[in-house]
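Listed below are the residues making up each chain.
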Amino acid sequence: DHETALGALDLAHRWQVDVVVAILSDLLAGMVTDESFSVITEHAILKGLERLKAAAQRFGAESKKVQADLKAGRLPAAVALLFHGGSPSKSNEPKPKRRRV
């Protein structure tokens, strides 16, 4: 299931096993459904997995449920930005402190 694959992807990404990350990304691209869309897409975005992100974006553009969730604001912010364009707002992030020399 997609939850097991995402767990394995987390480990492979953390340990920088790029071959396994690529294999799991391809596997997850085929597991995107209306139910798994948000969690798979969020992982793809946060980990910078461009192929998986593109596959999820294609699925989301064609899915009526995903489009309805997008319009209703039910998708995570990072996922919604994938469809609205732009980059995440940095207004919520604290400004870095200046170093004293």
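Here the structure is shown first, and the text comes after it.
Enquirer: Looking at this model, I keep getting lost on the packing of helix H3 (residues 37-47) against helix H6 (residues 77-84). Mind explaining?
Expert: Viewed as axis vectors pointing N to C, H3 and H6 meet at an angle of 80°, and their least axial separation amounts to 8 Å. The orientation of H3 with respect to H6, classified from their angle, is roughly perpendicular. Contacts between H3 and H6 involve Phe37, Ser38, Thr41, Glu42 and Ile45 from the first element and Ala78, Val79, Leu82 and Phe83 from the second. Residue classes in the contact of H3 with H6 are distributed as six nonpolar, two polar and one charged.

Enquirer: Looking at this structure, how should I read H6?
Expert: For the α-helix, the turn length of 3.6 residues means that residues three or four positions removed from each other point alike. Three or more residues of H6 are buried, namely Val79, Ala80 and Leu82. Viewed end-on, H6 has its buried residues packed into an arc of 145°, placing them on one side of the element. Exposed residues pointing more than 90 degrees away from the buried face of H6 are listed as Ala77 and His84. Where H6 is buried, its residues touch H3, helix H4 (50-62) and helix H5 (64-72). Gly85 occupies a position one or two residues after H6 and carries a positive phi of about 80°.

Conventions adopted
Residues numbered from 1 in each chain as written. Predicted model: local features only at pLDDT ≥ 70, side-chain atom pairs only at ≥ 80, totals over all residues. Heavy atoms only, no water. Axes fitted to C-alpha atoms, helices over the stretch in contact; angles between N-to-C directions. Helix = DSSP H or I, 4+ residues; strand = E, 2+ residues; numbered from the N terminus. Parallel < 35°, antiparallel > 145°, perpendicular 65-115°, else oblique. Contact = heavy atoms within 4.5 Å. Nonpolar A, V, L, I, M, F, W, Y, C, P; charged D, E, K, R; others polar. Buried < 20%, exposed > 50% of the residue type's maximum accessible area, 1.4 Å probe, protein only. Arc of directions from axis to C-beta.

Note that every value here comes from positions in space, so none of it alone points to a role or purpose.
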